[in-house]
Amino acid sequence: MKKISKKGDGLCDLDERYESKDGTPVGPRADSTWLFVYPDGLRRVLNYVNTRYKPEEIWLSESGLDAPNEAKLTGDAVLDDAFRLDSYRLLIAAADAAVQEDGVPLTTYLAWSLTDGLEWQEGMTKRFGITHVDEKTNERVPKASAVWLAREFGTLPKGSKVEFPPSSGGASKEEAETPATTKKEDKKE
């Protein structure tokens, strides 16, 4: 595994690395060799930006990843993107902890990417989207991560024609349009 180290400005140890100091990976690897799921790193960077620049608000954009071997899947299997969904759960929990516990003014979280798209160097061999795009027909079908994100962040637009696939964990369109509660005490099960 490649390891690159850079010195920060003293406010935060921001080594750019793929491994922890003991040589173990920082987290599960996505399909891209340079991309790892590292929720603590996200929280640390949000705290660093808040401490260093003291912004009134922070927008987090392009937060996402390509799931391992997803480009090789076909049929309904491509819609069950459990790796991406679990990664979003961990990353969003870390971002929420930065807001709730650390006082970071994160106001906007943008998932990357809405649809599978052409990657600069990889073509269609890497799929970052929460919506599957069939290369032959251009049909777009939401993946399980899209259903979960719709629940977690609110509702789909009124009149949306989106139909959620059965492989998306059994969520109906109506269930996905029901906003998830954000109060921690309401989430107890």
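Analysis parameters
- Residues numbered from 1 in each chain as written.
- Predicted model: local features only at pLDDT ≥ 70, side-chain atom pairs only at ≥ 80, totals over all residues.
- Heavy atoms only, no water.
- Axes fitted to C-alpha atoms, helices over the stretch in contact; angles between N-to-C directions.
- Helix = DSSP H or I, 4+ residues; strand = E, 2+ residues; numbered from the N terminus.
- Parallel < 35°, antiparallel > 145°, perpendicular 65-115°, else oblique.
- Contact = heavy atoms within 4.5 Å.
- Nonpolar A, V, L, I, M, F, W, Y, C, P; charged D, E, K, R; others polar.
- Salt bridge = Lys/Arg side-chain N within 4 Å of Asp/Glu carboxyl O.
- Buried < 20%, exposed > 50% of the residue type's maximum accessible area, 1.4 Å probe, protein only.
- Core = buried A, V, L, I, M, F, W, Y, C linked by side-chain atoms within 4.5 Å.
- Left-handed = near helix turned anticlockwise from the far one by under 90°.

Enquirer: Can you help me understand the packing of helix α2 (residues 82–100) against helix α3 (residues 144–153) in this one?
Expert: When two helices pack together, their arrangement is given by the angle between the helix axes and by the axis-to-axis distance. Between α2 and α3, the least distance of the axes is 8 Å, while the angle of their chain directions is 30°. In terms of axis orientation, α2 runs roughly parallel to α3. For the pair α2 and α3, the contacting residues are R84, L85, Y88, R89 and I92 in the first and A144, S145, W148, L149 and F153 in the second. Across the contact of α2 with α3, the residue classes break down as 7 nonpolar, 1 polar and 2 charged.

Enquirer: What exactly am I supposed to notice about the pattern of salt bridges here?
Expert: Should their charged atoms come close, side chains of opposite charge can pair. For the structure on display, the rule yields 10 salt bridges. In this structure, R43 and D102 form a salt bridge, with 2.7 Å as the shortest nitrogen-oxygen distance. Pair noted here: R43 is in helix α1 (residues 39–53) and D102 is in the loop between α2 and β2 (106–111), with a separation of 59 residues, a long-range link. On the basis of relative accessible area, D102 is assigned to the partly exposed category, the value being 32%. Of the charged contacts in the structure, one is a salt bridge between D81 and R84, with a shortest N-O distance of 2.8 Å. Classification of D81 by relative accessible area gives buried; the value is 3%.

Enquirer: What should I look at first to understand the nonpolar core in this one?
Expert: Generally speaking, soluble globular proteins have nonpolar side chains that are buried together. Ranked by internal contacts, the top residues of the largest apolar core, which has 18 residues, are L46, Y88 and L106. At the level of secondary structure, the elements contributing two or more residues to this core comprise α1, β1 (58–63), α2, β2 and α3. Filtering out sequence-adjacent residues up to four positions away, L106 remains in contact with L46, I58, W59, L60, A95 and V99. Counting 5 residues, the second largest nonpolar core, distinct from the first, contains L35, V37, L65 and F128.

Enquirer: What am I meant to see in the packing of α1 against α2 here?
Expert: At their nearest, the axes of α1 and α2 sit 8 Å apart, and the two run at 30° to each other. The crossing of α1 and α2 is right-handed. Contacts between α1 and α2 pair P39, L42, R43, L46 and N47 from the former with L90, L91, A94, A95, A97 and A98 from the latter. Per-class residue counts for the contact of α1 with α2 are 9 nonpolar, 1 polar and 1 charged.

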